[in-house]
Amino acid sequence: MSIFHRTGPRRAAAVAIVFAAVVSGAPAGRTASTVSTDVAAALAAVPGSMLLVDDSSASGCMTGSPETVAFRSDRIVLRTTLTPAQAAAAVAGAFPVAGWNATPRNPIRLVFPAPGPTPVVPVVWMTLDPPATSPAQVVGLARKLHERQVVAAPDMALSPSGGPLGMWPAGYPVPPTRPFPTPRTATFGAGTSVMLYDTGVPSASNATLSANLSKRTPNDTETVDADGNRIADLYYAGHTTAIASVIATLAPGASVVSARITDTNGVATDVGAATRMTTTLQQANAANAWPSIVLAPFGSPSCEGLSLLGLELVSEAVDRHDRSLIVASAGNRGTDRPFYPAAFDGVLAVGSLNATADADGDPWTSATRTAPRSSFSNHGFWVDIYTPGEGLVTNHLKDMTFYDTGPVLHGSAESAGTSVAAPYATALILEQMSLHPGRRAEDIWYNVVKPTGLACTASGGGVGVALTAMSALATTA
């Protein structure tokens, strides 16, 4: 069971929590609302996504300073012990909603058996026919189910946190102006492993891949350039490549196994991610081969009182098994509104520091072990750790560009975002795991790495951690 919680004991799934959004330090003068609107619109524009864009104006998804989100128009998700048939009947009984009559179809039950006498509450999701035509219909259905004591939520779209879509925090990845850092000790991270749930691994013809990166199955492949025009098809292409490269730089002895959570069109949702994570982690559990760390560089805010139920299930199950630690990106909205799965109890939420702005000017290091928080980084009481996440030179796409007149990448780029900060934090933990054999990631974080960090009181909590030099340990004072 988790040894750190942000809000006291784990909340019951049916308890509604309302979060206030305070926007500060948003990327490049843009507000969190502007960023989230662009992200949601870009996701919904992908062919076959079946997504609705919800700005809260009609649905009441969020209050205060709302962020725009996107979710499936044809799905509803329940966290319940009801059988699939009972869940479908509960949904059918909640209609009509705002004049919308739909039939729930094909209910699917997602479960992750947990140790001990108390089971993890399963998830049931089902197709709605016809699909909703407005966000208020889906949110209204979820809230009506809550009124009937059935926990429900939309199937939220997830954005890679290193982007987000169409607007990487520092602009599109560009050819590096700095060299790759000096390789660290090859034994750092030896004997440890990461299961990386993300966009998948491109072919070697489209990207330079780290030696530590592998695919879990042949299907865990990212299609970068389907039409062969040497322009990346998706704004976040190469995301997995850059993330694995950060770990290869800082903890070269660790292995990174990639499992793709995106659909064939490149879009991921709560249900799709949770299904892939549940399946692969149950297989790892059966083989007694849990990864040292589960890395989740993606996420979404949620409608108030309506959780991301699939990822909530996964987070609770991993926490209960106590074999791995989930490390997740805090998001790039520049706001303190919680971003999930990072904000779930038992998940290590990682924000970004701008280590290019400290005295040594090296994006990877800080001689004083501190640096300003990145303007794009989410923050608040729910963020646990901040690590460097700007200007990191990583492996990336090869002989490709992101737009017609854009610069061509030749296998490397300068990457930014909380999704490159998250593997940085992961690597520091893996480094210390290799130096303390037999100790698990959560123990290393809580008792070894966290005590060396500097409190980030101005950011609402958490600690900042940066290497004093590439040759130094994570715990160097």
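Residues numbered from 1 in each chain as written. Predicted model: local features only at pLDDT ≥ 70, side-chain atom pairs only at ≥ 80, totals over all residues. Heavy atoms only, no water.

Thoughts on the overall build of the chain
Within the chain, the regular secondary structure consists of 8 helices and 20 strands. Rg of the C-alpha trace for the chain: 21 Å, near the compact-globule value of 23 Å for 477 residues, within the 12% margin. Principal-axis analysis of the C-alpha atoms gives the chain an extent of 60 × 55 × 45 Å. Counting contacts in the chain only where the partners sit at least 6 residues apart, residues at least 24 apart contribute 76% of the total. (Helix = DSSP H or I, 4+ residues; strand = E, 2+ residues; numbered from the N terminus. Rg over C-alpha atoms; globule rule 2.2 N^0.38 Å. Contact = heavy atoms within 4.5 Å.)

Side note on the sheet that holds strand β20 (residues 463–464)
Pairing in this open sheet of 9 strands is mixed, and the strands run β9-β10-β8-β12-β14-β15-β16-β20-β19 from one edge to the other. Both edges of this open sheet fall to β9 (213–215) and β19 (454–455), since each of them pairs with a single strand only. Examined bridge by bridge, strand β15 (residues 347–353) and strand β16 (residues 385–388) share 4 bridges and lie parallel to one another. From the neighbouring strand, L353 faces β16, where its bridge partner is P388. Most of the contacts of helix α5 (residues 270–286) go to strand β8 (residues 193–198), to which it runs at about 155°, and overall it touches β8, β10 (255–260) and β12 (293–296). Against the sheet, helix α7 (residues 418–435) contacts β8, β12, β14 (325–329), β15 and β16, and its axis sits at roughly 115° relative to β15. (Pairing = 2+ DSSP bridges. Axes fitted to C-alpha atoms, helices over the stretch in contact; angles between N-to-C directions.)

Observations regarding the packing of α7 against helix α8 (residues 441–449)
For the pair α7 and α8, interaxial distance at closest approach is 9 Å and the crossing angle is 95°. Comparing their axes, α8 and α7 come out roughly perpendicular. Residues L428, I429, Q432 and M433 of α7 pack against A441, I444, W445, V448 and V449 of α8. For the contact of α7 with α8, the residue count by class is 8 nonpolar, 1 polar and no charged. (Parallel < 35°, antiparallel > 145°, perpendicular 65-115°, else oblique. Nonpolar A, V, L, I, M, F, W, Y, C, P; charged D, E, K, R; others polar.)

Details of the layout of surface pockets
Considered as a void within the structure, the second largest pocket measures approximately 240 Å³ in volume. In terms of lining, the second largest pocket is formed by 15 residues, of which the most central are T223, L234, T264, N265 and G266. Partitioning the lining of the second largest pocket into residue classes produces 4 nonpolar, 7 polar and 4 charged. (1 Å grid on protein atoms, 1.4 Å probe; cavity = no way out; pocket = protein on both sides within 12 Å on 5 of 7 lines; lining within 4 Å. Points joined across faces, edges and corners; volume = space filled by probe spheres on them.)

Digging into the packing of aromatic side chains
Evaluated as defined, the whole model comprises 7 aromatic pairs. With a centroid separation of 6.4 Å and 25° between ring planes, the pair formed by W364 and Y424 is classed as stacked. Pair noted here: W364 is in the loop between β15 and β16 and Y424 is in helix α7, with a separation of 60 residues, a long-range link. Taken as a pair, W364 and Y424 share a single burial class, namely buried. Aromatic rings pair up to connect Y172, Y235, F402 and Y403 into one cluster. (Phe/Tyr/Trp six-rings, centres within 6.5 Å; stacked < 30°, edge-to-face > 60°. Buried < 20%, exposed > 50% of the residue type's maximum accessible area, 1.4 Å probe, protein only.)

What about the confidence of the model for the chain?
Per-residue confidence for the chain gives a mean pLDDT of 90; residues scoring 70 or more make up 92%. The low-confidence segment residues 1–5 (pLDDT under 50) makes 18 contacts with residues lying over four places distant or belonging to another chain. (pLDDT = per-residue confidence, 0-100.)

Considering the sheet that holds strand β6 (residues 151–153)
Reading across the sheet, the 4 strands line up as β4-β5-β3-β6 and stay open at both edges, with antiparallel pairing between neighbours. Each edge of the sheet is formed by a strand with only one pairing partner; in this case those strands are β4 (103–110) and β6. In this sheet, neighbouring strand axes are inclined to one another by 25° on average, regardless of whether the strands run parallel or antiparallel. Pairing between strand β3 (residues 75–79) and strand β5 (residues 123–129): 5 bridges, direction antiparallel. The residue of β5 that forms the bridge with R79 is V123. The strands touched by helix α3 (residues 135–147) are β3, β5 and β6; relative to β3, the strand with the most contacts, the crossing angle is about 25°.

Details of the packing of helix α4 (residues 239–250) against α7
Here α4 crosses α7 at 30°, and the two axes come no closer than 8 Å. On the basis of their axis angle, the class for α4 and α7 is roughly parallel. Of the two possible hands of crossing, α4 and α7 adopt the one that is right-handed. Together, H239, I243, V246, I247 and L250 of α4 and S419, V420, P423, Y424, T426, A427 and L430 of α7 make up the contact between the two elements. Residue composition of the contact of α4 with α7, grouped by class: 9 nonpolar, 3 polar and no charged. (Left-handed = near helix turned anticlockwise from the far one by under 90°.)

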